[in-house]
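# Fold and geometry: a report
For reference, the chains in residue letters:
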Amino acid sequence: MSSIIQLLPDHVANQIAAGEVVQRPASVVKELLENAVDAKATDIKLIIKDAGKSLVQVIDNGSGMNVTDARMCFERHATSKIRQAEDLFSLHTKGFRGEALASIAAIAHMEMKTKLEQEELGTHIVIEGSKFMSQDVAVLPKGTSFAVKNLFFNIPARRNFLKSDTVEYRHIIDEFQRVALAHPKIHFTFYHNGSDMYNLPPSSLRQRIVNFFGGKTNEKLVPVVEDTEMMNIQGFVSKPEFAKKNRGEQFFFVNDRFIKSPYLHHAVMAAYEGILKDGSQPSYYLYLTVPPNTIDINIHPTKTEIKFDNESAMYAILRASIKHSLGQFNVSPVLDFERDANLDTPYHYKNLDAEVPTIQIDTNFNPFAEDKPNKLFSTYKKAEPTASWESLYVGVKHDTEVVSGGDEFASSNNEFTFENEEVTSSLFDYEEVEQTAHKSYQINKKYIVSPIKSGMVIVDQSRAHQRVLYEQFLVNMTVQHASSQQLLFPINLFYSATEMELIAELQQSLVNTGFVFDESNSDHIVISGIPVNITESEVAAVLDQLLSDLHNGIPENSFSQNDTIAKSMAKSLAVKTGAYLTEKEQENLVNGLFACKDPNVSPFQKPTFITMRVEDLDKKFAL
């Protein structure tokens, strides 16, 4: 029997390996940016076209490569980062596998230009699907330029699985942020389809965060600094009042490498325990420096997972340092039972000098003068009787005014009341029983019980209100233009550059729901009108929830986009579990639910009500 196991050709092995390393254009951005950082570049340019599907180019002014290295870097497991296995536990570079360039070259058209500083000429190499097409000598500046075109040109199945340009561009932004935040001393420039998206000069860590997420971010940051034998911590966390619904601005860096760690995230959340609203997520930008021999990075090709030697100790240190910073800057409340808040110096008087109090003297005061008699009893003046409604009709005489006995009896008659009808008491008031027969009741501030002919209906108030609002918003956006209420003072809302792009794409749909935008700048929007069923205090929460729901991308077609917006706004504005509803509100909610086109389920396909028949109740009471 002939052997059936064969060694795969290099180009096939490279395509298989590329599936691990290169999942989307953002993976190419990450690998090329990290190589530029490892080359000790001080200026890095990222150029993107069509969300990376047509072009991903990274230009740096790093050390460059000679002719041999330029050819060798495209071979699998060829790297300058490590020499032996022990080097894995003393890593000071981003990459070490030697797989990235070989994997990218296997599934794209790749062009590389590189030159060492001390040499006069550089090397220009063109590769298409692992095949070297040309290698020439060229006049180039110092550094390296990688241009990756037509990604997945030879793997059409993988290319078809790519998301829309908006989604892929958002992933590229995420990878760019992670590298740029880890290295604030490097000048980064980002171009997309010819537009200058980011220009980040060398700066401090705080300034780099502000450049990314807008000028309003500066007042949200609380510095965290802690030096221990096990690790050093520095960075920033946000104040509790600026917590968001989504987990977008949360960054952990270990030795200048972005990582994801649910365990360390739990430590941060534990530090915020008791000062955050339910469901809110704080922003944080934390940089941990640990000895390289205490971590293991070689777990996953993306290198975003790390194993620590002593995770429990790191958890305790991180939690304590954040808690200390929040307390040090008077962010978290202090329990002092002997402190009297009334004795605190008001903020406006804190730095003012004390003034000598002025004394006023009554020179005419004589303590031996006779006291005037106190009036113990005040005179009582009887209120004049108000005119009756009959006085409005001047000149009209009524038979009731003619009373035998003269005016005396008529005037005295006003001071007495007579009981003309016999008062009879009854155990049941039949009219009241009749009126309350169809009354609805609220149970645990969560469910509304309304009787019907066959039994009763139990309605989930939150889901029912979501359905009612959802259909209202859909009608406003698709059928008729919604009415707006103008604000006396416009609202200014600040967002990051990524969030501003989302709002710009959603602006027309938001206008159809009733929002009126005065202007949109690079970091904030001005709203002068809001929908009639939204209060001014709810605007920021509604838009935050909408941005959170659409963080993974906006649907391409307009109906799906309107549907997503209507669902998000209905979820934000619907009455929550635990809210008390008056009898009238309960009645309106139940009537509004059953007036909907599909009252059975909420917009998220969960049941809104159940029906319990009298027969079911009889079975419960049956012995």
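Before going into details, it helps to say that this report is about the structure given with it. Quick caveat, the model's predicted, so the values are computed rather than measured.

### Notes on the overall build of the protein
Counting secondary structure elements, the protein contains 17 helices and 22 strands. A total of 623 residues make up the protein; the buried ones form 41% of that total. Accessible area for the protein stands at about 38300 Å²; split by element, carbon and sulfur atoms hold 52% of it.

### Structural notes on the environment of M314
Tracing the backbone shows M314 in helix 9 (residues 311-328). Spatially, the C-alpha atom of M314 lies 9.8 Å from that of Y263, the residues being 51 residues apart in sequence. Excluding its chain neighbours within four sequence positions, the residues that come into contact with M314 are M230, M231, L288, V290 and F308.

### Structural notes on the sheet that holds strand 13 (residues 284-289)
Spatially, 9-10-13-11-12 is the arrangement adopted by the five strands of the open sheet, whose pairing is mixed. Two strands in the sheet have a free side with no partner beyond their single neighbour: strand 9 (221-227) and strand 12 (257-259). Within this sheet the neighbouring strands show an average axis-to-axis angle of 20°, counted without direction. Where strand 11 (residues 250-254) lies against strand 13, five bridges are found, and the strand directions are parallel.

### Some remarks on the packing of helix 6 (residues 165-182) against helix 13 (residues 497-513)
Two numbers describe how helix 6 lies on helix 13: the axes approach to 11 Å, and their chain directions differ by 165°. On the basis of the axis angle, helix 6 is roughly antiparallel to helix 13. Handedness of the crossing formed by helix 6 with helix 13: right-handed. Of the residues in helix 13, those in contact with T166, Y169, R170, I173 and Q177 of helix 6 are T498, E501, L502 and E505. Of the residues that constitute the contact of helix 6 with helix 13, the class distribution is three nonpolar, three polar and three charged.

### Section: the packing of aromatic side chains
Summed over the entire model, instances satisfying the criterion amount to 21 aromatic pairs. Ring geometry for F212 and F213: centres 6.0 Å apart, planes at 40°, overall tilted. When sorted by exposure, F212 lands in the same class as F213, which is buried. One aromatic cluster in this structure is built from Y169, F176, F188, F190, Y198, F212, F213, F251, F253, F258, Y285 and Y287. The aromatic ring of F132 is capped on one face by R71, whose charged end is 3.8 Å from the ring centroid.

### Topic: the sheet that holds strand 6 (residues 143-149)
Ordered in space as 5-4-3-6-2-1-7-8, the eight strands form an open sheet in which the pairing is mixed. The outermost strands of the open sheet, each flanked by one partner alone, are strand 5 (131-138) and strand 8 (195-200). Looking at each pair of strands side by side, their axes are set apart by 10° on average, direction ignored. When strand 3 (residues 109-115) meets strand 4 (residues 122-128), the two strands line up antiparallel, connected through six bridges. Its bridge partner being in strand 4, E111 is matched across the sheet by V126. Docked against the sheet, helix 2 (residues 25-38) engages strand 1 (43-49), strand 2 (55-60) and strand 6, running at close to 10° with respect to strand 2.

### Re helix 16 (residues 583-594)
Relative to the 16 Å expected for twelve residues at 1.5 Å per residue, helix 16 spans 17 Å between its end C-alpha atoms, a close match to the ideal helical length. Q586, L589, V590 and L593 are the residues of helix 16 that are buried. Buried residues of helix 16, viewed axially, fall in a sector of 95°; they line one side. In the core, the buried residues of helix 16 are packed alongside strand 16 (441-443), strand 17 (447-452), strand 18 (455-460), helix 12 (461-478) and strand 22 (609-613).

### Comments concerning the pairing of strand 2
Among the six residues of strand 2, five are classified as buried, and the element is accordingly described as predominantly covered. Two strands pair when backbone bridges link them, and strand 1 and strand 2 are joined in this way by six bridges, in the antiparallel orientation. Among the inter-strand pairings, I48 is bridged to a residue of strand 2, identified as V56. Counting the residues that bridge the hairpin from strand 1 to strand 2 gives five residues, and of these D50 lies at a positive phi of roughly 55°. Sheet topology places strand 2 next to strand 6; six bridges connect them, and they run antiparallel. The residue of strand 6 that forms the bridge with Q57 is A147.

What counts and what doesn't
Within any chain, residue numbers begin from 1 and follow the written order of that chain's sequence. Owing to the predicted nature of the model, reporting of local features is limited to residues with pLDDT of at least 70; listing and counting of side-chain atom pairs is limited to 80 or more, with chain, interface and lining totals taken over all residues. Side-chain measures were taken over the full set of non-hydrogen atoms in the model, leaving aside hydrogen atoms and water. Here a helix means four or more residues in a row that DSSP labels H or I, a strand means two or more in a row labelled E, and each is numbered from the N terminus. Partly exposed describes any residue whose relative accessible area lies between the buried limit of under 20% and the exposed limit of over 50%, with all areas from a 1.4 Å probe on protein chains only and scaled to the type maximum. Shrake-Rupley sampling with a 1.4 Å probe provides the accessible areas, and residues are treated as covered by the protein chains on show and by no other component. Should any heavy atoms of two residues lie within 4.5 Å, those residues are counted as being in contact. Any two strands with at least two DSSP-identified bridges between them are counted as paired. Angles run from 0 to 180 degrees between N-to-C directions of axes, and those axes are lines fitted to C-alpha atoms, restricted for helices to the stretch in contact. Reported orientations rely on four angle classes, namely roughly parallel under 35 degrees, roughly antiparallel over 145, roughly perpendicular from 65 to 115, and oblique for the rest. By definition, turning the near helix anticlockwise from the far helix through less than a right angle yields a left-handed crossing, and turning it clockwise yields a right-handed one. For this classification, the nonpolar set comprises Ala, Val, Leu, Ile, Met, Phe, Trp, Tyr, Cys and Pro, the charged set comprises Asp, Glu, Lys and Arg, and every other residue, Gly included, is treated as polar. Two aromatic rings from Phe, Tyr or Trp, using only the six-membered ring of Trp, form a pair when their centres are within 6.5 Å; if the ring planes differ by under 30 degrees the pair is stacked, by over 60 it is edge-to-face, and anything between is tilted. When the NZ atom of lysine or the CZ atom of arginine is within 6 Å of a ring's centre and also within 35 degrees of its normal, the charge is said to sit over that ring. Between the first and last residue of a helix there are one fewer steps than residues, each counted as 1.5 Å, and that sum is the expected span. By construction, the arc corresponds to the directions joining the helix axis to the C-beta atoms.

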